[in-house]
Amino acid sequence: MLFNHIKTAFRSLIKQKSFTFINIIGLAIGLAGCLLILQFVSFETSYDEFHDNADEIFRVTYSKEKDGVESFHTVLSYVGVGPALKENFPEVLDYARLRPVATLNASTVITVGDETFEEKRVYYADPSYLQIFSFNMLQGNPETALERQFTAVITESTAKRYYGNENPIGKGFRRGRNQEYVVTGVIEDTPLNAHLKFDFLLSHETLSALSRNYSPTNMTSFHGHLYLLTQPGTTAEGLSAKFPQFVDDFIWSTQSQPEGTELFLYPMALKDIHLKSNIQHEAEINGDESIVTYLTIIAGMILLIAWVNYINLSTARAAQRAREVGVRKVLGSLKGQLIWQFMVESAIMNLISILVALGIVMISQSLFVQFGAAEMLSIKPWRNSEFWQVVAILWGFGTVFSGIYPALTLSSYKPLSVLRGSFYGNKRGILLRKMLVVFQFTASVALLIGTAVVFLQISHMRNKDLGINIDQAIALKGPVLADSTYVSRIQNFKTELKRSPFIENVVAASDVPGREVNGATWFRRIAQTREEGIFCLRSRADHDFVEAMEVKLLAGRNFNSEDRGQSIFINEEAAKQFGFNSPEEAVNKEITFAGGDGSNRMTIVGVLENYHQLSPKLDHTPIITSYDPFVRGYYVVKFNSGANPGNTIKEVLTTSEGTFKRLFPGNPFSYFFLDEEFEKQYEADQQFGDMFGIFSLLAIFVACLGLFGLAAHTVIQKTKEIGIRKVLGSSIPNILRNLSWEYIKLIIVANVLAWPLIYYMMNQWLDSFVDRIAIDLWLFPAACLVVTFIALFTVSFHTVKAARANPVKSLRYE
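Now for a look at the structure at hand. (Residues numbered from 1 in each chain as written. Predicted model: local features only at pLDDT ≥ 70, side-chain atom pairs only at ≥ 80, totals over all residues. Heavy atoms only, no water.)

### Observations regarding the side chain of Q528
In step 1: Positionally, Q528 belongs in the loop between strand 17 (519-525) and strand 18 (534-541).
In step 2: Among the polar contacts made by the side chain of Q528, one reaches the main-chain amide nitrogen of R525 at a distance of 2.8 Å. (Helix = DSSP H or I, 4+ residues; strand = E, 2+ residues; numbered from the N terminus. Polar contact = N/O pair within 3.5 Å; in protein donor to acceptor, adjacent residues only side chain to side chain.)

### Some words on the side chain of H73
In step 1: Residue position: H73 is located in strand 2 (residues 69-74).
In step 2: Taking relative accessible area as the criterion, H73 reaches 17% and is therefore assigned buried.
In step 3: Within the structure, H73 has its side chain in polar contact with the side chain of T61 (distance 2.9 Å).
In step 4: For H73, the contacting residues outside a window of four places in its chain are T61, Y62, S63, Y266, I279 and Q280. (Buried < 20%, exposed > 50% of the residue type's maximum accessible area, 1.4 Å probe, protein only. Contact = heavy atoms within 4.5 Å.)

### Re the pattern of salt bridges
Once the charged atoms of two side chains with opposite charge are near each other, the side chains can pair.
In step 1: Counting across every chain of the model gives 29 salt bridges.
In step 2: Close ionic contact of R121 with D199 constitutes a salt bridge, the shortest N to O distance being 3.1 Å. Residue R121 is located in the loop between strand 6 (115-119) and strand 7 (122-125), and its partner D199 is located in the loop between strand 11 (179-187) and strand 12 (200-203); the two are separated by 78 residues in the primary sequence.
In step 3: D199 gets classed as buried once you look at its relative accessible area, which sits at 11%.
In step 4: With a shortest N-O distance of 3.0 Å, E284 and K197 are connected by a salt bridge. One end of the pair, E284, is in the loop between helix 8 (273-276) and helix 9 (289-316); the other, K197, is in the loop between strand 11 and strand 12, and 87 residues separate them in sequence.
In step 5: By relative accessible area, which is 25% here, E284 ends up partly exposed.
In step 6: On the basis of relative accessible area, K197 is assigned to the buried category, the value being 12%.
In step 7: One continuous salt-bridge network, built from bridges that share partners, spans K494, K498, D542 and D544. (Salt bridge = Lys/Arg side-chain N within 4 Å of Asp/Glu carboxyl O.)

Printed below as a string of structure tokens:
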């Protein structure tokens, strides 16, 4: 019986080639779009799930508030928090601290033999780190590899890069000028879906040998990332409820608490970090949970539109298949057998569509490069059993969802009415088709408006005046290895670079736009109390900063060579929070560290206009810039591209590299373009915009494909009506208007439903931006017009053909 159903199904599908083609293409594109989005969503939601203890691991973050307003929130915590939590919290089984070797965004130098490498992903780690987390140890003992001072565990790719095919165990390397380490373990490269990736893990115990001031119980200075392994069933809420008392007992007991200041420790589940945490000092730019949610909704819309097409086209063909059903019933077929017949057709249609969709998915993997998710290329979803489970679910659910209503409808026809020729269709079926078309148009209008809003917001951010000029600028990483001659070398370095006709200016600074500022602490005016202090980011720069970076000086003067480290700039936001009524009022005033006795004073020589150190998505923060002519974080080289940008950049890099290597031997030469670095902050939003736009267009295309097929069947049903209208004198424009009016009414209803829905959703998304656009009202009628035009253009192929046909052909048998 099943074989007969399959044979009959193929015969029916082959007989209706256009219907079959439209359905397969529509379903395949819908399924492919859905699978591509789900592949991305699955990757984003899989971060850190590979750890055996993932559900029991929490990261502790640190936040400080003043008068109820959060001053800062960082992933770093005090070195003594971990041991104290383990000792006093029975639910905490163990802890692991991970401290970056270099300061934020900086790097360290590793030397093996005569070769020197610049490394960024280097951390001091407790021995417990390798036991709490499930990294695959290829060589060495995870329990003892990091117990001794000056020992290290390196990743497999690092071992090959440094030691080739030799066994790295027992081999040595030097960090900086004089720190000698021995490799005691080799670990598999950290997976792409790990929120923190490393190349070197150095023994945390080494810190006690490097600094006399190091104390494992310190509760006053930031240290690094802290992870807790807890008892099964422990929740973030349960830990949070106990942390305030812990702060009082162990932190405020070691330091005085200013009035109005609160300190908080927050536990975050390991698997939540990538999508739910975007605070200061993250190891890398994390994802965005809202983006994943919106893309999942789009995937669902694409799939529903594709399935709706199948339902619409199947029920629209009811009149053509009614006689077939009547004959089958007269010959003894039962309703259940007919249902099975039509369900088999649906299963075959969905199966063929899935096979085509899988082909599209395989050849479309390069799309992830365009989306800025190139790491996805290394993940082959078809090697994952979960991928095939999803495919099987989509096939099964799609078969039932898209096939059950047509099967029930077609199998319920009464053979006597059908064979007499008195069958005219089902009014409820017609109403359902209209409702489904309204759904498709609603989704299309919503996606079109959403795409426009996302594009406008991203364009607004990227084109916004940052208050600082990052164009035509290269940032050189300062020397990691420096000696007592550095002071004279930096001056020579800048002087020699400025001699180049291609270089306009050079500025030395501790931080550059697009990267977080390393320093931060509390400051107050001299007359203010400690409690009145404000939290400020603190950077350093030489006297060329204002001119080279084109930051507007609102009041005061520029740095000069006679200044010392006590001369500072503050930005507008800092002046405002310090309580100055105007930038001019702040000039020549003194500030000091909030917790100090006031003896270490700094003089405000100028007030800078607010500029964006980081993405315009974030609000301005107070920034203090100290004068430091010998700072060695970065050297920003500003150049004039002129008529030949490529040649200018080449000359600038050649000059910079040659001068750098000559004056700072032993240091690796490293650079990046400031504008490109700043653009990285937009990656997640740009990625979202690209995916939103492309998959929205796919959804609209699939909807139009279904509309094209539906219009074809509608015209066939109205062929005689069109012939009669032409005989009675109707013009082709009148006939087109009559045939199109039905769709226009549905589009109007769809817009009424889509507008408030998408307005609410996009407002929710825009609220995540400090500097957001207002949703322009013209977008709504514009989307309506676009969708109306697309719909009418889609159906016009059949309607024009029918309106121009000779009425004699359609009425010859009447």
